[in-house]
Amino acid sequence: DTGVSQDPRHKITKRGQNVTFRCDPISEHNRLYWYRQTLGQGPEFLTYFQNEAQLEKSRLLSDRFSAERPKGSFSTLEIQRTEQGDSAMYLCASSYGRWEYFGPGTRLTVL
Amino acid sequence: GESVGLHLPTLSVQEGDNSIINCAYSNSASDYFIWYKQESGKGPQFIIDIRSNMDKRQGQRVTVLLNKTVKHLSLQIAATQPGDSAVYFCAETPSNTGNQFYFGTGTSLTVIP
């Protein structure tokens, strides 16, 4: 058990709906990451926080995606107007050193 | 973008044999590499890491080799066990991207009892 938790574990939604995922990192980890993983592929970086500051965003993170980490602890990832192409596993990871501890992920299915 | 790839998508080995999983990367600026193991339905789990100033690093039953000349990374698993069955990813981070990691496609390792 890595200690990173994500909620929900599974989400099924209809195209056009908004969804929000939550990540609780390992306490005292100042860095938090969001990745997206599709079947048979490695995780793709989406965005990175150091404390509450969002320091990097991938080109994959379109304007329909927004992430926050308001108090430098938990983070949320919101996808607005979901599309079928958003179906994937959304992974959160946290770290205080160079390697990252991953959570179990939230599997999103957009119908 | 970055390119981190694996030579083989699947690998089957007999229990007790050694496994070797290979990975190629393209960014010569990468200075830190990690191997992750991902079991079905779970997030990736850290196995072992290596910095670019090293050629080899050993852990418990695992060894990572880094060849910077040809931009190649390998993971060796000794005495492979059924619990080693998983998808293995290499990930690299260039020194100029903060902490952004680039993952390869993955190799699915199946251990045959």
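Everything here concerns the structure above.
Conventions and cut-offs
- Residues numbered from 1 in each chain as written.
- Chains lettered and ligands numbered in written order.
- Predicted model: local features only at pLDDT ≥ 70, side-chain atom pairs only at ≥ 80, totals over all residues.
- Heavy atoms only, no water.
- Helix = DSSP H or I, 4+ residues; strand = E, 2+ residues; numbered from the N terminus.
- Buried < 20%, exposed > 50% of the residue type's maximum accessible area, 1.4 Å probe, protein only.
- Contact = heavy atoms within 4.5 Å.
- Buried area = accessible area lost by both parts, 1.4 Å probe.
- Polar contact = N/O pair within 3.5 Å; in protein donor to acceptor, adjacent residues only side chain to side chain.
- Nonpolar A, V, L, I, M, F, W, Y, C, P; charged D, E, K, R; others polar.
- Phe/Tyr/Trp six-rings, centres within 6.5 Å; stacked < 30°, edge-to-face > 60°.
- Pairing = 2+ DSSP bridges.
- Axes fitted to C-alpha atoms, helices over the stretch in contact; angles between N-to-C directions.

Turning our eyes to something else, we now look at the overall build of chain B. A count of helices and strands for chain B gives 0 helices and 11 strands. Traced from its N-terminal end to its C-terminal end, chain B shows the element sequence β-β-β-β-β-β-β-β-β-β-β. Looking at chain B residue by residue over its 113 residues, the buried ones come to 45%. Contacts in chain B between residues at least 24 apart in sequence constitute 53% of all its contacts with a sequence separation of at least 6.

Residue and element names in this part refer to chain A. The omega torsion of the bond from Asp-7 to Pro-8 falls at -5°, within 30 degrees of zero and hence cis. Positionally, Pro-8 belongs in the loop between strand S1 (5–7) and strand S2 (10–13). The phi torsion at Glu-28 lies on the positive side, around 80°, for a residue other than glycine. In this fold, Glu-28 is placed in the loop between strand S3 (19–24) and strand S4 (31–37). By relative accessible area, which is 80% here, Glu-28 ends up exposed. The phi dihedral of Asn-51 is positive, around 55°, even though this residue is not glycine. Note that Asn-51 resides in the loop between strand S5 (44–50) and strand S6 (53–57).

Another aspect to go through is the interface of chain A and chain B. Chain A puts 21 residues into the contact, and the matching count from chain B is 22 residues. Across the chain A to chain B interface the summed buried area is about 1,700 Å²; carbon plus sulfur atoms make up 49%. The largest per-residue losses of area from chain A upon contact with chain B belong to Arg-98, Trp-99 and Phe-102 of chain A, which jointly make up 38% of the total buried on that side. Where chain A touches chain B, the interface holds 4 residue pairs in polar contact (both at pLDDT 80 or more). Of all the secondary-structure elements, those providing two or more residues to the side of chain A that touches chain B are S4, S5 and strand S9 (88–95) of chain A. When residues in the side of chain A that touches chain B are grouped by element, the largest group, 4 residues, is from S4 of chain A. Residues belonging to the side of chain A that touches chain B are distributed by class as follows: 9 nonpolar, 7 polar and 5 charged.

Moving on, we get to the packing of aromatic side chains. Taken as a whole and judged by the stated rule, the model has 12 aromatic pairs over all chains. Ring geometry for Phe-102 of chain A against Phe-103 of chain B: centres 6.0 Å apart, planes inclined by 80°, an arrangement best described as edge-to-face. With one member in each of two chains, Phe-102 of chain A in strand S10 (residues 101–102) and Phe-103 of chain B in strand S10 (residues 102–103) form a pair that bridges those chains. For Phe-102 of chain A, a relative accessible area of 1% corresponds to the buried category. Taking the relative accessible area as the measure of exposure, Phe-103 of chain B reaches 11% and is therefore buried.

The next point concerns the sheet that holds strand S7 (residues 65–68) of chain A. Residues and elements named next belong to chain A. One open sheet holds the 4 strands; their spatial order is S1-S3-S8-S7, and the pairing between them is antiparallel. Pairing within the sheet leaves two strands with one partner each, and these edge strands are S1 and S7. Neighbour-to-neighbour, the strand axes of the sheet open up by a mean angle of 15°, direction not taken into account.

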